[in-house]
Every structure is written in C-alpha cells, then in structure tokens.
Amino acid sequence: ILAIAGNLAIIFASRVDSPSIARDRTLPRALKASGITGNPFEGQVLYKNPVNQAQFDESINSASGPVRTSLKAMRDVPSAYWIDVKAKIRGNTERSLQGILQDASSKSPAEMVVFIWYDLPNRDCKAKASNGEICCKYNPDRTCDYTWQLECNDGLKEYKETYADPFIEVLQKFKGKVPVAIVVEPDSLPNLATNTGNPRCGGAATRQAYEEGIAYAVKQLTSKTPWVAVYIDAAHGGWLGWQNNLVGFMTILKDMKLPMNKVRGFAQNVANYQPLGEAMCPYEPDSGTNRNGYCLNGRHSSEVCCADPCSLAAEWNPANNELNYAQELINAAKSVLGIDAHVIIDTGRNGVTDMRKSCANWCNIRGAGAGKPSTTNTAEPAIIDAYFWLKTPGESDGCTATLPSGEVCPRFDSDCQSIDSIGSAVGEPRAPEAGRWFDYQVKQLAELAHMN
C-alpha cells in the first residue's frame, strides 16, 4: 500500500515531462486558453503546502513503525487549502491565498493549487456550533443570531466587499501564472435542499445569504477568472443521493440562474467519510425516473458495486458509494440543468468503509483510514476529474466539550461527542477545534490507511 502511495506522488511530478506538455514550460497546460477545456487536473504537478507538511512532520517525529511510514507517504499527498476566514486571503506566507499562489507560481512548472472558498454569511446553518465569521445579524459577542431571518443585506455586503472581491483580486494577479481549482461553499446549498425545516437554514435571511452569496461568487469567478476551474459543492451520496433531495438541489441551482455552462462541475464528499466504492454500477434507471435502480430492492446485492456499508440502497438511495453518486449527479445535472458536468471526490479519509455505527456521524470518526491519494487515475475518467484530498487528514472536524488544554471549547458541537467520534470513549484524547491539527486522529488515519 505504502509503495503504491509513494508511486502516485511521483506520477504527479513526472507527468509534467510527458511529450504533450513538455514543449512549453512557461505556462501550465490549463492556462493556454481563456477558459477550462478538458480535465483541469490532467498533466499538472499538484501543489503540496509546506504548512501542512510541517504539521505532518510533528506527528512523524513522535511516530514509529508502520504508522511513521504511512505518515511519510501521506505527507507528500497534495491537498486543498481552506480559505475560511478573510484573514487568509492576503499575506506572504503559505497560510494565505496570496502566499500559496506566490509559492506555487515560483515552481517550474507552476503547480496547480486547489482552494476551498468558504465564508458565507450564516455559514454552517445546520451545525450546532457555527464556526462562521460573517453574519446576517450579529449577537453582542459577534456570533451569528440565527433567530434573525428577515433579510441578509448587511451580511451579503460584507461578504462581497471583504471576502469575495478581495479573493477575486488576488486570483487576478496570478492570471497566466498558476493553475487553480476552487470548490465553492461546502454544505451550503445542500442545506437549503434538505434542511428547510430547520429555521436556521430555511429562514429568509439564510436562504438569501446562500443563494445570493453563491451566485455572486460563481459569477465573479467565471467572468473575472475564467481560467479557474470551479466546482460547486454537492455534499455526498448519503445526503443528496435520494432522488427528491438531488432534484431539489438541482432545482435550486437552476432557479439561481448560475452560469453553469462555465462551471466545471461538482465536488463530492468534502471533509466527509463516505465510501468511494470499488466500481460504478451499470446504469439501469427505474421506469419514469433518472434514479439508477441497479442495487435497489435487493437487486445485484452480491456485486461489488452494490456493496452498501451505510445501508443506503436499503433505503432506496442509489448512491451507496461515491462512484454511484457521481453517476447520479451527472445524470441529474444533464436532466435538470442541461450540462455535461464533471466531479472531484474527496478521498482523504474514506479508506475504511464500515467503521461507523451511524453514517450520519461526521466528526472525527474513530477507526477511519486515509483513502486514495490525490490523482487523476479515477474509475470513470469521463466524468470524474480527480480523487483529491479536499480536507487534509489530521485537521480536526470539531472540538470535544473540553479542549486538550483542559479549557471549555467555545464552539463545541454535540455531534462531536457522537458514539463514532474520537473523544467520546473513555481513555481517548480530547479533540481540538475545527481545523487544528489532531495528532491522535492523523496517526489513526495512517495506521488504517488504504491508499492503493
């Protein structure tokens, strides 16, 4: 496994010298046209952030044996960087959008960078403890007052002027210098598609924030930085895989009148643990629907593509794995939006498929393992551009009620004390806040990695 993981990392470096792109080392392949044509990841050297590598080094130094070997392999896998606060937009270090682009563009050839665009007003509306920094209305302590649901004009103004516009301005300075892909606002539109009964998500202010905010982001990206590959977050098969949820999601996109013909496609399983699957099933839609019935109602249950560790097919959800969900997404996008979309899938932490007692649990999952390293060598390259570590393994999903320091966590989410979450069992270490390095978890991800 580890040997294969290492070889994958080498493939990214060597691919640059293939005959198709070795003739011109001044510009990355994806920048030779004004827009995106073809798979934007193909043939690129992918950027590895030295900040993340330094975090891995800390864990490597205190590890031994197979875990240490696995951590070293994981250290060299490219992963995305989250721009989840305004302070990460400008700067000269590799903790900022600007600094990362400077570093990536200094390489020869320039290395492709993947960013997560993530700072909507009223962000994380379904979460029990939001980590967002922009609000439709602020409480005295600067947290969001989700009970205010009249409108979000002030929050959207702040989002556009202090996050979206500066983000675009920085990207524009690197036109022709570095290839970029961006995943737009994880969890946001999926929450509008499925959680309207929750007043924090279904209220007028949050809906305005998400729909107008994402419309602004996508239109700015596709018009002012058309060389950037844009992927809209589409949650995962265990969330939107049911036909009603998926059609509802696509209908929201259609009603938003986004320039979907300029969007590359969708991102799946961002920061989650849903199984990738070993194969995509043949497409045999149920009568009168686009839903693939191949694994439903007990059909073909012995086939590898119908393996169902989360028991989704048993609930009439054809997206029992992310490969099958990709097929559902592409077909729904064609039917509702009239586009030929492509996807990228987060494989950072889905190397183990059956570790959860409930697949609804998402926070610092016990028994998870690192999955396939970032690569364009996918099961279905016609629709899947890449498997990519969209959340760096080792970054915490959220804190336990008590932090490792012994202090009370100010942003504790009770989902992080689920039966599947590290820190909920006796003797386990406490988890740090979201985004902070979680040494215990990354060593478990390394120990149980399935990266081949």
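Everything numeric here is computed off the predicted structure, so don't read it as measured data.

## Some remarks on the sheet that holds strand β4 (residues 229-233)
Alright, step 1. With parallel pairing, seven strands are arranged side by side in an open sheet as β1-β2-β3-β4-β5-β6-β7. The sheet is open, and its two borders are formed by β1 (81-83) and β7 (384-388), each paired with just one other strand. Ignoring strand direction, the axes of neighbouring strands in this sheet form an average angle of 25°.
Alright, step 2. Pairing between β1 and strand β2 (residues 113-117): three bridges, direction parallel. Bridge assignment links I83 to a residue of β2, and that residue is W117.

## Some points on the pattern of salt bridges
Alright, step 1. Taken as a whole, this structure holds 18 salt bridges when the rule is applied.
Alright, step 2. Across the pair D385 and R264 runs a salt bridge whose closest N-O atoms are separated by 2.8 Å. Here the residue D385 occupies a position in strand β7, and R264 occupies one in the loop between α10 (243-255) and β5 (265-268), the gap between them amounting to 121 residues. Summarising the burial analysis for this pair, D385 and R264 share the class buried.
Alright, step 3. A salt bridge links K443 to D439; the shortest N-O distance between them is 3.0 Å.

## Focus on the side chain of N320
Alright, step 1. In this fold, N320 is placed in the loop between β5 and α11 (322-337).
Alright, step 2. A polar atom in the side chain of N320 sits 2.8 Å from the backbone oxygen of A307.
Alright, step 3. In this structure the side chain of N320 is engaged in a polar contact, spanning 2.8 Å, whose partner is the side chain of N324.
Alright, step 4. In this structure N320 touches P275, C295, C305, C306, A307, D308 and L312, once residues within four positions along its chain are discounted.

## Thoughts on the confidence of the model for the protein
Alright, step 1. Of the residues in the protein, 92% reach a pLDDT of 70 or more, and the chain-wide mean stands at 92.
Alright, step 2. Residue range residues 1-34 is modelled with pLDDT below 50. Its contacts to residues more than four positions away, or to other chains, number 67 contacts.

So, how was this worked out
Residues numbered from 1 in each chain as written. Predicted model: local features only at pLDDT ≥ 70, side-chain atom pairs only at ≥ 80, totals over all residues. Heavy atoms only, no water. Pairing = 2+ DSSP bridges. Helix = DSSP H or I, 4+ residues; strand = E, 2+ residues; numbered from the N terminus. Axes fitted to C-alpha atoms, helices over the stretch in contact; angles between N-to-C directions. Salt bridge = Lys/Arg side-chain N within 4 Å of Asp/Glu carboxyl O. Buried < 20%, exposed > 50% of the residue type's maximum accessible area, 1.4 Å probe, protein only. Polar contact = N/O pair within 3.5 Å; in protein donor to acceptor, adjacent residues only side chain to side chain. Contact = heavy atoms within 4.5 Å. pLDDT = per-residue confidence, 0-100.

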